Amino acid sequence: MAYDVQKTDEQWREQLDPEEYAVLRQAGTERAFTGEYTDTETEGTYSCKACGSELFTSDTKFHSGCGWPSFYQPMTDTVEYIEDNAHGMKRVEVRCATCGSHLGHVFPDGFGTPTGDRYCINSISITLNEKK
């Protein structure tokens, strides 16, 4: 897929630190309960750390207890979905629709949320822009 923001692998490596690169560009995962935004309740919008596109709002964030920031829906058309059958599991990967960076996965177990979904997102993949 062609993305609005396209960079070479070398350009991504220059822009992102090694941990960010491993998650955003190589579909890695940060360890559970270690991310900056896991328990954050600050109001604002969350954008892609790689390209800055807005992805989620704080009013869709909820405490799922999974160890990563959880949201029940993205902002309109900000993410894309990729079937992920790695590690013997059938999951749906969530990527930034603007640059193709890996954000996390979405699961249909967001019990008690308006959508029933849980977007399990790596803190290292996003940046919180606090509401002023």
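Residues numbered from 1 in each chain as written. Predicted model: local features only at pLDDT ≥ 70, side-chain atom pairs only at ≥ 80, totals over all residues. Heavy atoms only, no water.

### Description of the UniProt feature "domain: MsrB" (unreviewed entry) in the protein
Stated formally: UniProt positions are given in the numbering used here, feature names are shortened, and annotations may be inferred rather than shown by experiment. Secondary structure elements follow DSSP: runs of H or I no shorter than four residues count as helices, runs of E no shorter than two count as strands, and numbering proceeds from the N terminus.
UniProt's entry tags residues 9-131 with the feature "domain: MsrB" (unreviewed entry), counted in the numbering of this structure. Summarising residues 9-131: 11% helix, 33% strand, and an end-to-end C-alpha distance of 33 Å.

### Side note on the nonpolar core
Here is the rule: Take the buried residues of types Ala, Val, Leu, Ile, Met, Phe, Trp, Tyr and Cys, join any two whose side-chain atoms come within 4.5 Å, and each joined set is a nonpolar core. Relative accessibility under 20% of the residue-type maximum defines a buried residue, over 50% an exposed one, and the middle range a partly exposed one, all with a 1.4 Å probe and only protein chains included. Contacts: residue pairs with any heavy atoms within 4.5 Å of one another.
L55 and F56 are the most contacted members of the largest nonpolar core, which has 21 residues in total. For this core, the secondary structure elements donating two or more residues are α2 (18-24), β1 (44-48), β2 (54-57), β6 (91-96), β7 (102-107), β8 (118-121) and β9 (126-130). If we skip the residues at most four places from it in the chain, L55 touches Y46, S47, C48, P74, M75, T78, V79, C96, L103 and I126.

### A short note on the sheet that holds strand β5 (residues 79-84)
Using the following cut-off: A pair of strands is considered paired only if DSSP assigns at least 2 bridges between the two.
With respect to topology, 6 strands assemble into an open sheet ordered β3-β4-β8-β7-β6-β5, the strand pairing being antiparallel. What marks the edges here is a single partner per strand, and that holds for β3 (61-62) and β5. Bridging between β7 and β8 involves 4 bridges; their strand directions are antiparallel. Looking at the pairing, H105 lines up with C120 of β8.

### Describing the sheet that holds β1
Here is the rule: Only the stretch in contact is used when fitting a helix axis, every axis being a line fitted to C-alpha atoms; angles between N-to-C directions are given from 0 to 180 degrees.
Spatially, the 3 strands line up as an open sheet ordered β2-β1-β9, and their pairing is antiparallel. Looking at the sheet topology across the chains shown, the edges are occupied by β2 and β9. Averaged over all pairs of adjacent strands, the angle between strand axes in this sheet comes to 30 degrees, irrespective of strand direction. Where β1 meets β9, 5 bridges bridge the pair, whose relative direction is antiparallel. Looking at the pairing, T45 lines up with N129 of β9.

### Description of the environment of A50
Mapped onto the elements, A50 comes out in the loop between β1 and β2. Between the alpha carbons of A50 and S101 there is a distance of 7.0 Å; along the sequence they are 51 residues apart. Beyond its immediate stretch of four places on either side in the chain, A50 contacts W12, Q15, L16, L24, C99 and S101.

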